[in-house]
Amino acid sequence: MPAQIPIDTVVKKTLEGIVQAQKDYAKWTDGYWLWNAPEYLLCAYIAQKIAKIDGAKYLTLENNAKSAIEDAGARGKGRLHSKIRANGRFDILLWWGSYKPRAVIEVKNQIGNVDAIRDDLLRIKEVLKRKREDSSFQFGIVAYYTSTRDSREFSAKERIAKRIDNICKDAMDIVGEELQITAFYKNIRVEGDSAWVAAALLVK
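S.K.: Sorry if this is basic, but what is going on with the overall build of the protein here?
M.R.: From N to C terminus, the protein includes five helices and seven strands. The helix and strand sequence of the protein, counted from the amino end, reads α-α-β-α-β-β-α-β-α-β-β-β. Relative to a compact globule of 204 residues, whose C-alpha radius of gyration would be 17 Å, the protein shows 17 Å and is just as compact. Taken along the three principal axes of its C-alpha coordinates, the protein extends 55 × 35 × 30 Å. Among the 204 residues that make up the protein, the fraction classed as buried is 50%. Taking contacts inside the protein between residues at least 6 apart in sequence as the whole, the part at least 24 apart equals 70%. Of the roughly 10300 Å² that the protein leaves accessible, carbon and sulfur atoms contribute 46%. Averaging the positions of the 34 positive and the 27 negative side-chain charges in the protein gives two centres separated by 4 Å.

S.K.: Can you walk me through the packing of helix H4 (residues 118-129) against helix H5 (residues 156-175) in this structure?
M.R.: Two measures define how a pair of helices packs: the angle their axes make with one another and the distance between the axes. Contact geometry for H4 and H5: axes closest at 10 Å, N-to-C directions at 45°. By the angle between their axes, H4 is oblique relative to H5. The element H4 and its partner H5 pack so that their crossing is right-handed. Residues Arg-118, Leu-121, Leu-122 and Lys-125 of H4 pack against Ala-171, Ile-174 and Val-175 of H5. Considered class by class, the residues forming the contact of H4 with H5 number five nonpolar, no polar and two charged.

S.K.: Before we go on, may I ask you to explain the pairing of strand E4 (residues 139-149) in this structure?
M.R.: Successive side chains on a regular strand alternate, one facing one side of the sheet and the next facing the other. A large share of E4 lies buried, amounting to ten of its eleven residues. Inspection of the sheet shows E4 paired to strand E7 (residues 194-203) by ten bridges, in the antiparallel sense. Note that in E7 the partner of Thr-148 across the bridge is Ala-195.

S.K.: Help me understand the nonpolar core, please; the structure alone is not making it clear to me.
M.R.: Nonpolar side chains in soluble globular proteins tend to end up buried together. Within the largest apolar cluster, 39 residues are counted, with the highest numbers of intra-cluster contacts made by Ile-117, Leu-121, Phe-137, Ile-181, Leu-201 and Val-203. When contributions to this core are tallied by element, the ones reaching two or more residues are helix H3 (65-71), strand E2 (89-96), H4, E4, H5 and E7. Sort the elements by how many residues they give to this core and H5 lands first, with eight residues. Those residues in contact with Leu-201, other than ones at most four positions away along the chain, are Ile-117, Leu-121, Gly-140, Ile-141, Val-142, Ile-167, Cys-168, Ala-171, Ile-181, Thr-182 and Ala-183. Grouped together as the second largest cluster of nonpolar side chains are 34 residues, Val-10, Ala-21, Tyr-45 and Ile-46 included.

S.K.: Mind showing me how you'd approach the pattern of salt bridges here?
M.R.: A full pass over the atoms with the stated rule returns nine salt bridges. With a shortest N-O distance of 4.0 Å, Arg-85 and Asp-120 are connected by a salt bridge. Of this pair, Arg-85 sits in the loop between H3 and E2 while Asp-120 sits in helix H4, and the two are 35 residues apart along the sequence. Taking the relative accessible area as the measure of exposure, Arg-85 reaches 34% and is therefore partly exposed.

S.K.: Is there a simple way to explain H4 in this structure?
M.R.: Spacing of three or four residues puts side chains on the same side of an α-helix, whose turn is 3.6 residues. Taking 1.5 Å of rise per residue, twelve residues should cover 16 Å, and H4 covers 17 Å from first to last C-alpha, within 8% of that figure. With nine of twelve residues buried, H4 is to be regarded as a mostly interior element. Of all the positions in H4, only Asp-120, Leu-121, Leu-122, Arg-123, Ile-124, Lys-125, Glu-126, Val-127 and Leu-128 are classed as buried. Following H4 by one or two positions, Lys-131 has its phi on the positive side, about 45°.

Rules behind the numbers
- The numbers attached to residues start from 1 for each chain and follow its sequence in the written order.
- In keeping with the model being predicted, local features are shown solely for residues with a pLDDT of at least 70 and side-chain atom pairs are shown and tallied solely at 80 or more, while totals for entire chains, interfaces and linings include all residues.
- With hydrogens and water excluded, all non-hydrogen atoms of the structure serve as input to the side-chain values.
- Helix numbering and strand numbering both begin at the N terminus, where a helix is a DSSP run of H or I of at least 4 residues and a strand a DSSP run of E of at least 2.
- Radius of gyration here uses only the C-alpha atoms, and the compact-globule reference equals 2.2 Å multiplied by the residue count raised to the power 0.38.
- Burial status follows relative accessibility: with a 1.4 Å probe on protein chains alone, a residue under 20% of its type maximum counts as buried, one over 50% as exposed, and anything between as partly exposed.
- Two residues form a contact once any of their heavy atoms are found within 4.5 Å.
- Values of accessible area rely on a 1.4 Å probe in the Shrake-Rupley scheme; residue burial ignores everything except the protein chains shown.
- When charges are counted, neither His nor the chain ends are considered; positive counts come from Lys and Arg and negative counts from Asp and Glu.
- Charge positions come from single atoms, namely NZ of Lys, CZ of Arg, CG of Asp or CD of Glu.
- Fitted lines through C-alpha atoms give the axes, limited to the stretch in contact for helices. The angle between two N-to-C directions lies from 0 to 180 degrees.
- Oblique is the label for every angle not falling under 35 degrees (roughly parallel), over 145 degrees (roughly antiparallel), or within 65 to 115 degrees (roughly perpendicular).
- The handedness criterion is simple: a crossing whose near helix is rotated anticlockwise from the far helix by less than a right angle is left-handed, and one whose near helix is rotated clockwise is right-handed.
- By the convention adopted, Pro, Cys, Tyr, Trp, Phe, Met, Ile, Leu, Val and Ala count as nonpolar, Lys, Arg, Asp and Glu as charged, and the other residues, Gly among them, as polar.
- Following DSSP output, two strands are said to pair if at least two bridges run between them.
- Working definition of a nonpolar core: buried Ala, Val, Leu, Ile, Met, Phe, Trp, Tyr and Cys residues. They are joined through side-chain atoms within 4.5 Å.
- For this analysis, a salt bridge means a side-chain nitrogen from Lys or Arg found within 4 Å of a carboxyl oxygen belonging to Asp or Glu.
- Working rule for helices: expected span equals 1.5 Å times residues minus one.

Here it is as structure tokens:
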């Protein structure tokens, strides 16, 4: 029977998907960076990377949130929390090999601060809290791409590093002490007076 995929491997492949999307988009456009691209491009590349991992899993894109909650055994009685946005869709839904939802992956392009992912963090928080003892959901990821230029005071690389740190700290405040947040990111890439990075917040 295929082995369970480690969470860190899912995060690693998520970041690799964003990096590959940046590289390919730059080739296609003769130098344009990923912030110019539509968000669904990042989703597709992330899904491709995760799909190639050996192990028990499958994934769906734009999966209805309410049906995912039901499939996870977390529906229960009463209304779903408004932050779950039950009638909306998850960017990527990772499933266990047993055909139960395992993780929500939300994707954002070119964010500058935590406000751009606040709703995604609150959504994942409420999904993971919902009927925790019965739910098959294990973790969530907010994956993002961001880039910037040098300023008078700081280099683009320094600004990116500070942005990643601030986003993680602010995300912890949003999610609270019930859940754990860990920041992951690939090497910050510098080109001329600008820099970009593929990053992710793991929530579990």
